[in-house]
Amino acid sequence: MKLERGLKHQTDAVNSIIRVLEDVRIEKTNSLTANPSIDLSSPNIVNNIKKIQNNKNISKEMKKNVGIFDNYLNIDVKMETGTGKTFTQIKTIYELNLKYGFSKFIIVVPTLPIKAGTKQFISSIDTKKFFEDEYEQVEMELRLVESVKNRK
């Protein structure tokens, strides 16, 4: 597998996520089990999202369901099939760790085959080497959650 550095569409997506948190108070924690705390009351979050959407000419339909709802920050990144969404997710994780100190992430996928592909990509030696070289030997630990089937 050959991973390419610096593809514009992937870099733009990662940078857009990073820019959502610009000028937002983020409090680091000493806890090993908690991410830093984001000031969700900051108007800069929604303002940053609107600026990003306007700069990218995002359609009105695509602007729905983005923002802060029930004390959760919801951001959708939509990319076409085959453009490197999984790579972009992983690069975003590393960048959020580097810039803001986040260390726990959950990737939710809609189907078991996508879950398997995501696991395979993250676990591959090539992917690990690429990101360890890029981010000074920071290694990602993958934990999978198995869905529970309802039994009647």
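Placed above this text is the structure.
Definitions and cut-offs
- Residues take numbers from 1 onward in each chain, read along the sequence in its written order.
- Per-residue local features of the predicted model are confined to residues with pLDDT of at least 70, and side-chain atom pairs are confined, for both listing and counting, to 80 or more; whole-chain, interface and lining totals are unaffected and use all residues.
- Side-chain figures throughout are based on the complete set of non-hydrogen atoms in the structure, without hydrogens or water.
- Only protein chains enter the area calculation, which uses a 1.4 Å probe; residues under 20% of their type maximum are buried, those over 50% are exposed, and those in between are partly exposed.
- Under the DSSP-based scheme used, a helix requires at least four consecutive residues in state H or I and a strand at least two consecutive residues in state E, with every element numbered from the N terminus.
- Residues are treated as being in contact if the distance between any of their heavy atoms lies within 4.5 Å.
- Fitted lines through C-alpha atoms give the axes, limited to the stretch in contact for helices. The angle between two N-to-C directions lies from 0 to 180 degrees.
- In this scheme the handedness of a crossing depends on how the near helix is turned from the far one: anticlockwise by less than a right angle means left-handed, clockwise means right-handed.
- Buried Ala, Val, Leu, Ile, Met, Phe, Trp, Tyr and Cys residues that are joined via side-chain atoms within 4.5 Å together make up what is termed a nonpolar core.
- Just so you know how the angles are binned, under 35 degrees is roughly parallel, over 145 roughly antiparallel, 65 to 115 roughly perpendicular, and the rest oblique.
- Following the grouping adopted for this structure description, the nonpolar residues are Ala, Val, Leu, Ile, Met, Phe, Trp, Tyr, Cys and Pro, the charged ones are Asp, Glu, Lys and Arg, and the polar ones are all others, Gly among them.
- A helix's residues, less one, multiplied by 1.5 Å, set its expected span.

Structural remark: α-helix, 3.6 residues per turn; residues separated by three or four positions point the same way. Thr 127, Phe 130, Phe 131 and Glu 132 are the residues of helix H5 (residues 125–134) that are buried. Where the residues of H5 are buried, they touch helix H3 (85–100) and helix H4 (112–123). Among the residues trailing H5, Glu 136 stands out with phi positive, at a value near 45°.

Let us now look at unusual backbone geometry. Its identity is not glycine, yet Asp 23 carries a phi of approximately 60°, on the positive side. Within the element layout of this structure, Asp 23 appears in the loop between helix H1 (8–20) and strand E1 (26–27). Although it is not a glycine, Asn 71 adopts a positive phi angle of roughly 65°. Structurally, Asn 71 is set in the loop between strand E3 (67–69) and strand E4 (72–74).

The contact between H3 and H5 brings their axes to 11 Å, and the two run at 35°. For the element pair H3 and H5, the recorded crossing hand is right-handed. Packed against H3, whose contacting residues are Phe 87, Ile 90, Lys 91 and Tyr 94, the element H5 presents Phe 130, Phe 131 and Glu 134 at the interface.

The next thing to look at is the nonpolar core. Grouped together as the largest cluster of nonpolar side chains are 15 residues, with contacts concentrated most on Val 20, Leu 21, Ile 45, Leu 96, Tyr 100 and Phe 102. Taken together, the elements giving at least two residues each to this core come down to H1, helix H2 (43–55) and H3. Counting residues per element, this core draws most heavily on H1, at four residues. Every residue in contact with Val 20, bar those within four places of it in the chain, is listed here: Asn 44, Ile 45, Asn 48, Ile 49, Ile 52, Leu 73 and Ile 75. Among the nonpolar cores identified, the runner-up in size contains ten residues, and Phe 87, Ile 90, Ile 93 and Phe 130 belong to it.

Between H4 and H5, the least distance of the axes is 5 Å, while the angle of their chain directions is 55°. Considering their axes alone, H4 and H5 lie oblique with respect to each other. On H5, the residues that touch Phe 121, Ile 122 and Ser 123 of H4 are Ile 125, Thr 127 and Lys 128. For the contact of H4 with H5, the class distribution of residues is three nonpolar, two polar and one charged.

So, on to H3. Given a rise of 1.5 Å per residue, 16 residues ought to cover 22 Å, and the 22 Å separating the end C-alpha atoms of H3 matches this to within 8%. Buried-residue contacts for H3 involve H1, E1, H4 and H5. Backbone geometry just after H3 places Gly 101 at a positive phi near 85°.

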